[in-house]
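# Structural features, examined
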Amino acid sequence: MPASAPQLTILPIARVVEAPEALTLLQAALAAGVVLPSSCRNGTCRACLCRLVNGDVRYRIEWPGVTAEERREGWLLPCVAVAVADVTIEQPEAIDACDLPVRLARPRF
Ligand code: FES
């Protein structure tokens, strides 16, 4: 039986999603219907910058756009980070797509 993927907990919305090694944390969140801020998705613009509350990640690129000091302070770029263990992040702008209102369009005849 294959080992289960690490869990990604997204605060403050308290959503828990699977974060397999094949996906970045941003991709894992999006695949589960959680929208996180992002732009370049290659670790340079810092639009996705958020807090790593706990857990362990590795970066897909050698020089992500966070300094060593920022990493020590708990800042993380989820667009290029992969969970290597269960991870909790804090992103106040996270949106659970399940919470968005549904608008039904009137049929046109
Ligand atoms: S989206 Fe640009 S650094 Fe993450």
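Now for a description of the structure that goes with this document. No experiment lies behind these values; they were computed from the predicted model shown.

The rules we used
- Residues numbered from 1 in each chain as written.
- Predicted model: local features only at pLDDT ≥ 70, side-chain atom pairs only at ≥ 80, totals over all residues.
- Core = buried A, V, L, I, M, F, W, Y, C linked by C-beta atoms within 7 Å.
- Buried ≥ 20, exposed ≤ 12 C-beta atoms within 10 Å, placed from the backbone.
- Helix = DSSP H or I, 4+ residues; strand = E, 2+ residues; numbered from the N terminus.
- Contact = placed C-beta atoms within 7 Å.
- Pairing = 2+ DSSP bridges.

### Comments concerning the nonpolar core
Generally speaking, nonpolar side chains in soluble globular proteins are found buried as a group. One finds Leu8, Leu25, Ala29 and Val87 to be the most contacted residues of the largest nonpolar core, which totals 22 residues. Counting residues per element, the ones that place at least two in this core are strand E1 (7-11), helix H1 (25-31), strand E4 (50-54), strand E7 (81-83) and strand E8 (87-90). Considering each element in turn, this core owes the most residues, four residues, to H1. Filtering out sequence-adjacent residues up to four positions away, alanine 29 remains in contact with Leu8, Ile10, Val17, Val34 and Leu36.

### Some details on the environment of proline 12
Relative to the helices and strands, proline 12 resides in the loop between E1 and strand E2 (15-18). A count of 9 C-beta atoms within 10 Å places proline 12 in the exposed class. Separated by 81 residues in sequence, proline 12 and glutamate 93 place their C-alpha atoms 8.8 Å apart. Setting aside residues up to four positions removed in sequence, proline 12 forms contacts with Glu90 and Pro92.

### Description of the environment of arginine 72
Within the secondary structure layout, arginine 72 lies in helix H2 (residues 68-72). Note on arginine 72: 9 C-beta atoms within 10 Å, which makes it exposed.

### A look at unusual backbone geometry
Residues other than glycine predominantly adopt negative phi, and peptide bonds predominantly adopt the trans conformation. A cis amide bond links leucine 11 with the next residue in sequence, proline 12, at an omega value of 5°. For alanine 14, which is not a glycine, the phi torsion comes out positive at approximately 60°. Inspection of the secondary structure assignment puts alanine 14 in the loop between E1 and E2. Backbone geometry at arginine 41 places phi at a positive 60°, although glycine is not the residue there.

### Structural notes on the environment of glutamine 91
With respect to the secondary-structure elements, glutamine 91 resides in the loop between E8 and strand E9 (95-96). Residue glutamine 91 is classed as buried on the basis of its 23 C-beta neighbours within 10 Å. Between the alpha carbons of glutamine 91 and tryptophan 63 there is a distance of 22 Å; along the sequence they are 28 residues apart. Beyond its immediate chain neighbours, meaning those up to four positions away, glutamine 91 contacts Ile10, Leu36 and Cys50.

### Side note on the sheet that holds E8
Strands belonging to one sheet form pairs held by backbone hydrogen bonds; the direction of such a pair is parallel or antiparallel. Strand order across the open sheet formed by five strands is E2-E1-E8-E4-E6, with mixed pairing between neighbours. Edge positions in the open sheet fall to E2 and strand E6 (75-76), since each of these has one partner strand only. Of the strand pairs in this sheet, E4 and E8 are connected by three bridges, and their pairing is antiparallel. By the bridge assignment for E8, leucine 52 is matched with isoleucine 89.

### Details of the pairing of E2
As judged from the four bridges shared by E1 and E2, these two strands associate in the antiparallel manner. Residue pairing in the sheet places leucine 8 in a bridge with valine 17 of E2. Between E1 and the antiparallel strand that follows it, E2, lie three residues; alanine 14 among them carries a positive phi value of about 60°.

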